[in-house]
Amino acid sequence: MLHILDLLGQHIKSFTAHSASVSDISIDATGDFIATASIDGQVVIHSLSGAETPSFNLKRPVRTVALEPNFAKSSTRSVVSGGMAGNLVLHEKGWLGYKETILHTGEGPIWQVRWRENLIAWANDLGVKIYDTHTQTRITFIDRPADSPRADLFRCTLHWQDESTLLIGWADQIKVARIRARPRKSSSASNLSPLLVEITAVFQLDCMIAGILPHPLSNSVAGPAALLADASKKTNGSGSVRSTASAPPVLTAFLVLAYTPPDMSLLAGHEATPDPAEHARKQAERPELRIISRAGEELAADALGITNYERWNCNDYVLVDIEAGSVKAAAPGAAGERYYIVLSPKDLVVVKPRDWRDHVAWLVERKRYEEALDEIERRSGEADAAGEKDVVDAAQIGQKYIEHLISEGDFVKAARLCPKVCGQDTKRWEDWIFVFAQKHQLQAIIPYIPTESPTLGPLVYEIVLTYFLAHDRQALLQTIRTWPKGIYDIAAVIVAIQSELERAPSSSTMKPSGPDTVILMECLAELYTLNRQPGKALPYFLRLRRPNVFDLIKENNLFTDVQDQALLLVEFDQELREKRKSEGEGIDTDPVSAITLLVDHIHSIPILRVVEQLKSRPYYLYLYLDALFHKDPHLTSAYADTQVKLYAEYAPRRLIDFLRASNYYNLEEAYNVCSERDLVPEMVFLLGRMGNNKKALNLIIERLGDVNRAIDFAKEQHDDDLWEDLLRYSETRPAFIRGLLENVGAEIDPIRLIRRIKNGLEIPGLKSALIKILQDFNLQASLLEGCQTIMSGDCADLVLKLHKNQTSGFFLSAKTACPICNKPISQPPNGLVLLFLCRHVVHAHCVERGDELPHQPDPTLVDMGIGGQPGLSGKIAFTAILRAKITQGCPVCHKKGRESGHDVFTSIYQILLCAR
């Protein structure tokens, strides 16, 4: 298979013309025709643009082929070839087809043939010969070097440098043959060719020559090291490429494809050695491109990266050059440059002159990376303007520069270079960050780590935050506040910070004391807020005493989350109140905001959980239970005994109000609490509730000496014995007698008190007290008379209103329904209808025992004196009969009375007869 590629490796065309491997290729100057030789004995000429494909069967394997110069324009379309048959055959096109001419035979296989202008050079086992197509004569014979290895192992390589110079490379020797015109005197002989050949130079090398080409050292080429082997493999193939060069450059050196044989016995001629180890195939060394000066000095060398080079022999390699015009067409911007091609059985390597890219590579080899990057930056704009695609990878060089800086310990400079080298490559960023982390120099690269465009993996940002957690917690807080929230795993960072906070010595207290603890709490609060977990951030806001904590709770409905933070919440609010108080602000007497919040949301914040938290701070517990009690006394029923102690401790004046309002506390325990603190009014109240009224009264009299309180207590108990004790105690105390006289009323008869006053007992203010008793009596009598007059007038008005309502008329029609049977009162016609004072109208038969009622007299018969008395007297008589029959009154009202549990009796009613 023959594949046609351009210099960029792009496939152009493929041909299948041989049944065996191709041994040689020749391309004409236009590149339109390609001749191939194969060991299947065939020589085929392929056309890229036409369908013409002439072929020649030489019966034996063909080793070499060469097209006539200007083959595309020639009329003869000649091609010369040779091979194992030992014949050098020329095929020329004529009128009747191709004509075959044997130019040489009988000296062994033809290994290579090259055609330039009118000269054909070929090599066989004996040496090199040159044939002149104009004179059709052989002009010279150049012997094979003495003691050279076998020609089939290290074949001869021929290359026409120009029309008069032939370069011959055979084994390890280079010969330069110069063709010139024979002097006129010598050319007069009829048997001599007009041309003669001179060997102008012979060079012995330390390697085998697999290919040889002239290499110009012009101004466009940078010095002796002017080649760079581009090891980009293009295709798998074998053979060589033949191309003719244009105007020859000045020859100053030779480009040699050097091959070092692995088995030196081949050079010594000891192939048939009895040692089996010598017969084993040995691995070849890597081939090299060498520049040899005209003086035989090696100017430069470059090893080639050939695939499986250990397996290839010297004859497996081919070296050819490419015309500048072809290079220009295939690679824009390469005009004037000289390209070479190295072929192996598996690779095709393009060799080209060095340029600024090579200078960059040279700087990189010497670890002058900064200069290399500056050169790339300076040249990149020119390369982009010229449309060159093969631009040096600055990122790769930057990578090496960073590696060099890190090895030198200059981590700051290496980190500063990372944004320029890594750019948008996230993997490259991550790799370098991990390197800095392994070197314990993460702080150097942290300022340059991108958070967007590009965004790196979460692990990178977590490593940075972990570093800050261990070394710079203030920077950790600042980073959390400035970084986007979605670039790292917030939950993982929270776990790490919580673990660190738990180890902090001051984290166990409700209020942070150390600066590190404060920063860690602020970090957790920020992270929970970023993670949309304000409920978990709330405890830290409380411990940090953030003023906006109450707004946070209300805005985010965090009442459930605050149920375990009640103590923190109350402490914080109390501190805010104390702070405002110290600043001179007015503070109201209402419960603190935290207490109000806890009380208003008892469904979300259970009372039991709040009480358990506030037990350690009794004053806060007092505030909470007091607020609950004011909201609903039943809410604190389980904590009534605790409230008694709390009121006694923090609000003794309010204890009596609580004792009066609550019924859930234990009386004996409450009495003991009051007794310990000597709260006499509360003890009196409790004794009264326990039924020990005498002891209570005794406390009032003995401890308080307050007659008014004693009187009030006696009034509350409604106990006559208690009044008797109070009177008996007051007999010897004028102040109490006067107090009783001033406060007598319905509970005590003034006469009873006056009679108990002993004669001769001096009572201050007795006269005024007695006068007050008399005045109160007169006032009471006047009030009774006035009330009686008012009641009499109201009764008369109500009686008149009742009579008016019962005797007034109301609208009634034939469609009015009976409330008992729900049928119109007009059904049946001429039936008896009863109308009660309660204004219910019913059928007579719907009343209990209605069937026994007499029928209404016919008005016509009555007027005739038959069936009853005419006029009003007759109606009154009939009504009296019906009234006697109906004993329960209105059936509707009677039914309603039964449903409500009592009977309704109609005391006053009248039955009207409605005749229809």
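In this numbering scheme, every chain counts its residues from 1 along its sequence in written order. Since the coordinates come from a predicted model, pLDDT governs what is reported: local features require at least 70, and pairs of side-chain atoms require 80 or more to be given and counted, while whole-chain, interface and lining totals use all residues. Side-chain numbers here rest on the full set of heavy atoms in the structure, without hydrogens or water.

*Asks:* Which residues make up the overall build of the chain, and what values go with them?
*Replies:* Here a helix means four or more residues in a row that DSSP labels H or I, a strand means two or more in a row labelled E, and each is numbered from the N terminus. Helix and strand content of the chain: 33 helices and 28 strands. Buried positions account for 45% of the 916 residues belonging to the chain. Pairs at least 24 apart in sequence give 55% of the contacts found in the chain among residues at least 6 apart. With an accessible surface of roughly 48200 Å², the chain has 51% of that area assigned to carbon and sulfur atoms. When a residue's accessible area, from a 1.4 Å probe over protein chains only, is under 20% of the maximum for its type it is buried; when over 50% it is exposed; and in between it is partly exposed. Between two residues, a contact is recorded if the distance between any of their heavy atoms is within 4.5 Å. Using the Shrake-Rupley algorithm and a 1.4 Å probe, accessible areas are obtained, with residue cover drawn only from the displayed protein chains.

*Asks:* Which residues make up the nonpolar core, and what values do they have?
*Replies:* Ranked by internal contacts, the top residues of the largest apolar core, which has 127 residues, are Tyr-488, Ile-497 and Tyr-624. Looking at this core element by element, the count peaks at nine residues for helix 20 (residues 618–631). Aside from chain neighbours lying at most four places away, what touches Tyr-488 is Pro-458, Tyr-461, Glu-462, Leu-465, Ile-480, Trp-483, Val-493, Leu-527 and Leu-530. Definition of nonpolar core: a set of buried residues of the types Ala, Val, Leu, Ile, Met, Phe, Trp, Tyr and Cys, connected through side-chain atoms within 4.5 Å.

*Asks:* Could you give an account of the pattern of salt bridges, naming the residues involved and the relevant values?
*Replies:* Definition used for salt bridges: Asp or Glu carboxyl oxygen within 4 Å of a side-chain nitrogen of Lys or Arg. Enumeration according to the criterion identifies 26 salt bridges in this entry. Of the charged contacts in the structure, one is a salt bridge between Arg-150 and Asp-152, with a shortest N-O distance of 2.6 Å. Overall, the relative accessible area of 39% leaves Arg-150 in the partly exposed class. Given a relative accessible area of 32%, Asp-152 falls into the partly exposed group. Residue Arg-366 is joined to Glu-365 by a salt bridge in which the shortest nitrogen-to-oxygen separation is 3.6 Å. For Glu-365, a relative accessible area of 62% corresponds to the exposed category. One salt-bridge network, held together by shared partners, links Asp-206, Glu-288, Arg-290 and Glu-298.

*Asks:* How would you explain unusual backbone geometry if you had to name every residue and give the values?
*Replies:* For the bond running from Ser-453 to Pro-454, omega is 5°, close enough to zero to count as cis. With respect to the helices, strands and loops of the structure, Pro-454 is situated in the loop between helix 10 (442–445) and helix 11 (458–471). The omega torsion of the bond from Gln-827 to Pro-828 falls at -5°, within 30 degrees of zero and hence cis. By secondary structure assignment, the location of Pro-828 is in the loop between helix 30 (766–807) and strand 27 (833–835). Residues other than glycine seldom take positive phi values, yet Ser-453 does so here, at roughly 50°.

*Asks:* Which residues make up the confidence of the model for the chain, and what values go with them?
*Replies:* Residue-level pLDDT values for the chain average 79, and 79% of them are 70 or greater. Known as pLDDT, the predictor's confidence for each residue is given on a scale from 0 to 100. Residue range residues 219–249 is modelled with pLDDT below 50. Its contacts to residues more than four positions away, or to other chains, number 96 contacts.

*Asks:* Account for helix 19 (residues 607–614), naming residues and giving values.
*Replies:* Ile-607, Val-610, Val-611, Gln-613 and Leu-614 are the residues of helix 19 that are buried. Projection of helix 19 onto a plane perpendicular to its axis shows the buried side chains occupying an angular sector of 165°, all on one side. Contact partners of the buried residues in helix 19: helix 17 (566–582), helix 18 (593–600) and helix 20. This arc corresponds to the set of directions leading from the helix axis out to the C-beta atoms.

*Asks:* Tell me what's going on with the sheet that holds strand 12 (residues 119–123), and back it up with residues and numbers.
*Replies:* Within the open sheet, the four strands sit side by side as 11-12-13-14. Their pairing is antiparallel. Of all the strands in the sheet, just strand 11 (112–116) and strand 14 (137–143) have a single pairing partner and so form its edges. Neighbour to neighbour, the strand axes of the sheet diverge by 15° on average, direction disregarded. In the sheet, strand 13 (residues 127–132) pairs with strand 14 via six bridges, with the strands oriented antiparallel. Following the sheet pairing, Ile-130 is matched in strand 14 by Thr-140. Two strands pair if DSSP finds at least two bridges between them. Axis lines are fitted through C-alpha atoms, for helices just across the contact stretch, and the angle between N-to-C directions can take any value from 0 to 180 degrees.

*Asks:* Break down the packing of helix 14 (residues 515–530) against helix 15 (residues 534–543) for me, citing the residues and quoting the values.
*Replies:* Running from amino to carboxyl end, helix 14 crosses helix 15 at an angle of 155°, the nearest separation of the two axes being 8 Å. Classified by the angle between their axes, helix 14 and helix 15 sit roughly antiparallel to one another. Considering the relative orientation of helix 14 and helix 15, their crossing is left-handed. Between helix 14 and helix 15, the residues in contact are Met-521, Leu-524, Ala-525, Tyr-528 and Thr-529 and Pro-534, Lys-536, Ala-537, Tyr-540, Phe-541 and Arg-543, respectively. Each residue receives one of three labels: charged for Asp, Glu, Lys and Arg, nonpolar for Ala, Val, Leu, Ile, Met, Phe, Trp, Tyr, Cys and Pro, and polar for the others, Gly being one of them. Here the residues of the contact of helix 14 with helix 15 sort into eight nonpolar, one polar and two charged. Any angle from 65 to 115 degrees is called roughly perpendicular, while one under 35 is roughly parallel, one over 145 is roughly antiparallel, and all others are oblique. Handedness of a crossing follows from how the near helix is turned relative to the far one, being left-handed for an anticlockwise turn of less than a right angle and right-handed for a clockwise one.

*Asks:* Break down the packing of aromatic side chains for me, with residues and values.
*Replies:* Side-chain rings of Phe, Tyr and Trp, where Trp is taken by its six-membered ring, are said to pair if the distance between their centres is within 6.5 Å; with planes under 30 degrees apart they count as stacked, over 60 as edge-to-face, and otherwise as tilted. Scanning the entire structure with this criterion turns up 17 aromatic pairs. Here the aromatic rings of Phe-56 and Tyr-98 are separated by 4.9 Å at their centres, their planes lie at 80°, and the arrangement is edge-to-face. Separated by 42 residues along the polypeptide, Phe-56 in strand 6 (residues 55–57) and Tyr-98 in strand 10 (residues 97–104) bring together distant segments of the chain. Given a relative accessible area of 7%, Phe-56 falls into the buried group. Ring-pair connections join several aromatic residues into one group, and the members of that group are Tyr-619, Tyr-620, Tyr-622, Phe-629, Tyr-647, Tyr-650, Phe-658 and Tyr-665.

*Asks:* Give me the lowdown on the side chain of Arg-155, citing residues and values where you can.
*Replies:* Position of Arg-155 among the secondary structure elements: in the loop between strand 14 and strand 15 (157–162). This count recognises Lys and Arg as positive and Asp and Glu as negative, with His and chain-terminal groups excluded. Despite its burial, Arg-155 pairs with no opposite charge; the closest candidate is Asp-24, at 6.5 Å N-O. Arg-155 has contacts with Trp-111, Gly-169, Trp-170, Ile-209, Asn-315, Tyr-317 and Val-318, leaving out every residue within four places of it along the chain.

*Asks:* Outline the pairing of strand 25 (residues 339–343), supporting the account with residue identities and numerical values.
*Replies:* Buried residues dominate strand 25, accounting for five of its five residues. Pairing analysis gives five bridges linking strand 24 (residues 318–322) to strand 25, with the strands arranged antiparallel. Looking across to strand 25, one finds that Ile-322 is bridged to Tyr-339. Sheet topology note: the strand 25/strand 26 (residues 348–353) ladder contains four bridges and is antiparallel. Bridging across to strand 26, Tyr-340 finds its partner in Val-351. Hairpin connection of strand 25 to strand 26: four residues between the antiparallel strands.

*Asks:* Now, about the sheet that holds strand 17 (residues 173–181): what can you tell me, with residues and values included?
*Replies:* An order of 15-16-17-18 is seen for the four strands of this open sheet, with the pairing classed as antiparallel. Edge strands, defined here as strands with exactly one partner in the open sheet, are strand 15 and strand 18 (195–204). Within this sheet the neighbouring strands show an average axis-to-axis angle of 20°, counted without direction. Relative to strand 17, strand 16 (residues 165–170) runs antiparallel, the two sharing six bridges. Within the sheet, the bridge partner assigned to Thr-165 lies in strand 17 and is Arg-178.

*Asks:* Describe the environment of Tyr-665, listing the residues and the values that go with them.
*Replies:* Relative to the helices and strands, Tyr-665 is located in the loop between helix 22 (652–661) and helix 23 (667–676). Given the relative accessible area of 7%, Tyr-665 is considered buried. Spatially, the C-alpha atoms of Tyr-665 and Ser-637 are 7.7 Å apart, while their sequence positions differ by 28 residues. Setting aside residues up to four positions removed in sequence, Tyr-665 forms contacts with Ala-640, Asp-641, Val-644, Phe-658, Leu-659, Ala-670, Phe-685, Leu-686 and Arg-689. Reaching out from Tyr-665, the side chain makes a polar contact with the backbone oxygen of Leu-659 at a distance of 2.7 Å. Think of a polar contact as two N or O atoms within 3.5 Å of one another; within protein, one of them needs to be a possible hydrogen donor and the other a possible acceptor, and neighboring residues in sequence only count if both atoms come from side chains.

*Asks:* An account of the packing of helix 23 against helix 24 (residues 680–690) is requested, with residue identities and associated values reported.
*Replies:* It is the contact of helix 23 with helix 24, at a shortest axis distance of 9 Å, that shows an interaxial angle of 160°. As the angle between them shows, helix 23 and helix 24 are arranged roughly antiparallel. As for how helix 23 packs across helix 24, the hand of that crossing is left-handed. Residues Leu-667, Glu-668, Ala-670, Tyr-671, Cys-674 and Ser-675 of helix 23 pack against Glu-682, Met-683, Leu-686, Leu-687, Arg-689 and Met-690 of helix 24. Here the contact of helix 23 with helix 24 is built from residues that sort into eight nonpolar, one polar and three charged.

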